[in-house]
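# Summary of structural features
One letter stands for each residue in the lines below.
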Amino acid sequence: MKKLLSGSLLLLVSFAAVSQQAFSLEEAVAYGLKHHADVRNAIVRKQDTELQIKEIKVAGMPQINGQFQYTYNAIVPTQLIDAQNFDPTAPEGSVTKFKFGVPWAGQAGVAINQLIFDATWLVGLRAQDTYRKLADQELVQSKTTVAENITKAYYSVLVAVERAKIIDLNIARLDTMEYNTTQMFNQGFVEKIDLDRIAVQKNNLKTELTKVNNLIDLSKQLLKFQMGYNVSSEIVLTDNLKDQEDKTLATIAKQEVDPENRIEYQVLKTNRQLLELNEERYLKGAIPNVFFSGSLGAGHSNTRFNPFERWFGSSALSLGVNIPIFDSGLRKVQAERQRLNIIQMDNTAEMLRNSFNLQNDQATINMTNGLETLDVQKRNLELAEEVVRVSKIKYQQGVGSNLEVVNAENDLRQAQTNYFAALYDVLVAKVDLDKAQGKLITE
């Protein structure tokens, strides 16, 4: 009974492990958006942004510091003082040596500093929402790139897998053809060269199948890398090429590009807002700031070592104002540099808007051309299949040659290759079109 339970548990664990390795396209993208290093780093930067905001806030909060110091003056400083200060009858110009201080001294206390008003600090507080927005947008930007790479890699695997299936079918068809031709050869109806042609075709197909299987392995490694998945673990793709083809063709729609939908434009606008705030911060540096400080402590002096006696208390409260008077034009130069950076960013924004329209036009044209090419290649594939069918019938009835069948098979394989290449181009063009229209990642 225990063995049965252990076996069942092992089976369940194995089933769970296998299920965790299977991904649809949506699941693969979702996995990558959680595990890819670029996304994780963007999340860390977002957390760091919160700490930077907190750092700005606490800079204006009370700052309390404690201090303790105990000193031994090995040589007490000596100065010369006019002797008449102590003895009016002393000769003119005579001096007296006087030691200032005692060998042992100490200082202990607590000080508090509180910013009351600082215009630059207030600008920093206003910038916190902009910093958060930028961190969120950079996270979306990382996710968009990851989603694009995963989708293209996933399509690459699907196309390679479908090609391998077709090659297997072609090999199976040649096996049947080889068997029938062998029977005809044994009966003296065909020559040995007919069998040799089929053998050459089979060998070429087997070589091509090996290359495609290697391509599948490589494509899966690339997909796992783009997902942030362990490259040494197995992975299973649950989507098939036909479903992705139908879904892609059903969602094609031409539309104008709204720059606000592009994450690159959103990041640029947010950076521009930060430049404006930075310019304001430099300009407001000319406004006086007000602060409060207070201290409470005690001082110690003694002619002998005894830190437990002769401490004298002290306390002070201060209200201060720092008034910038002249900085040789430093703040003006700093603010002017920010203004020039804003102008550059506006120029970049204009170029970016134009590039979005260009990308959309290119993606739309590529999509249109891809669909037309795919339609042509699909009809070519159907024609090639029909030619193979007819040539085989003619050959079996003795009115066609084996060479004609071989050529038809070669044309069919070329048509299959062209069809899958065209289909992959359409799928990739759809990804580029979604990215151009800002629909790849909507969160």
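These numbers were taken from a predicted model, which means no experiment stands behind them.

Within the secondary structure, Leu268 is located in helix α8 (residues 263-283). Under the relative-accessibility criterion, Leu268 is labelled buried at 14%. Measuring from C-alpha to C-alpha, the distance between Leu268 and Gly370 comes to 32 Å, with 102 residues separating the pair along the chain. For Leu268, the residues in contact, after removing those within four places along its chain, are Met345, Thr348, Ala349 and Leu352.

What follows covers the sheet that holds strand β8 (residues 311-322). Ordered by their spatial adjacency, four strands build an open sheet running β2-β5-β7-β8, and the pairing between neighbours is antiparallel. Of all strands in the sheet, those with a lone pairing partner are β2 (63-72) and β8, marking the two edges. Between one strand and the next, the sheet's axes are offset by a mean angle of 15°, whatever the strand orientation.

This next bit is on the confidence of the model for the protein chain. Mean pLDDT over the protein chain: 87, with 94% of residues reaching 70 or higher. Note on residues 1-6: pLDDT is under 50 here. Beyond four places in sequence and across chains, it has zero contacts. Per-residue pLDDT stays below 50 along residues 8-20; that stretch engages in one contact with residues further than four places along the chain or on separate chains.

Moving on to a nonpolar patch on the surface. Together, Ile116, Phe117, Leu122, Ile287 and Leu319 make up an exposed nonpolar region whose accessible area comes to about 450 Å². Position of Leu319 relative to the elements: it lies in strand β8.

Despite not being glycine, Arg310 shows a phi value in the positive range, around 60°. Position of Arg310 relative to the elements: it lies in the loop between β7 (289-302) and β8. Unlike most non-glycine residues, Ser328 shows phi in positive territory, near 60°. Along the chain, Ser328 falls in the loop between β8 and α9 (330-396).

Thresholds, definitions, all that
- Residue numbering note: each chain is counted from 1, following its sequence as written.
- pLDDT decides what is reported in this predicted model: residues at 70 or higher carry local features, side-chain atom pairs at 80 or more are listed and counted, and totals for whole chains, interfaces and linings draw on all residues regardless.
- Side-chain numbers come from the whole structure's heavy atoms, not from hydrogens or water.
- What counts as a helix is a DSSP run of H or I of at least four residues, what counts as a strand is a run of E of at least two, and both are numbered from the N terminus.
- In this scheme, a residue with accessible area under 20% of its type's maximum is buried, one over 50% is exposed, and one in between is partly exposed, where area comes from a 1.4 Å probe on protein chains only.
- Any two residues having at least one pair of non-hydrogen atoms within 4.5 Å are treated as being in contact.
- Strands qualify as paired when DSSP identifies two bridges or more between them.
- To get an axis, a line is fitted to the C-alpha atoms, and for a helix only the part in contact is used. The angle between two axes follows their N-to-C directions and goes from 0 to 180 degrees.
- The predictor rates its confidence in each residue with pLDDT, a number between 0 and 100.
- Like-charged residues are merged into a patch within 9 Å and nonpolar side chains (Val, Leu, Ile, Met, Phe, Trp, Tyr) within 5 Å, provided each residue has over 30% relative accessible area and no salt bridge.
- Under the convention used here, a 1.4 Å probe and the Shrake-Rupley method define accessible areas, while residue burial counts only the protein chains that appear.
- In the sections that follow, a salt bridge refers to a side-chain nitrogen of Lys or Arg positioned within 4 Å of a carboxyl oxygen of Asp or Glu.

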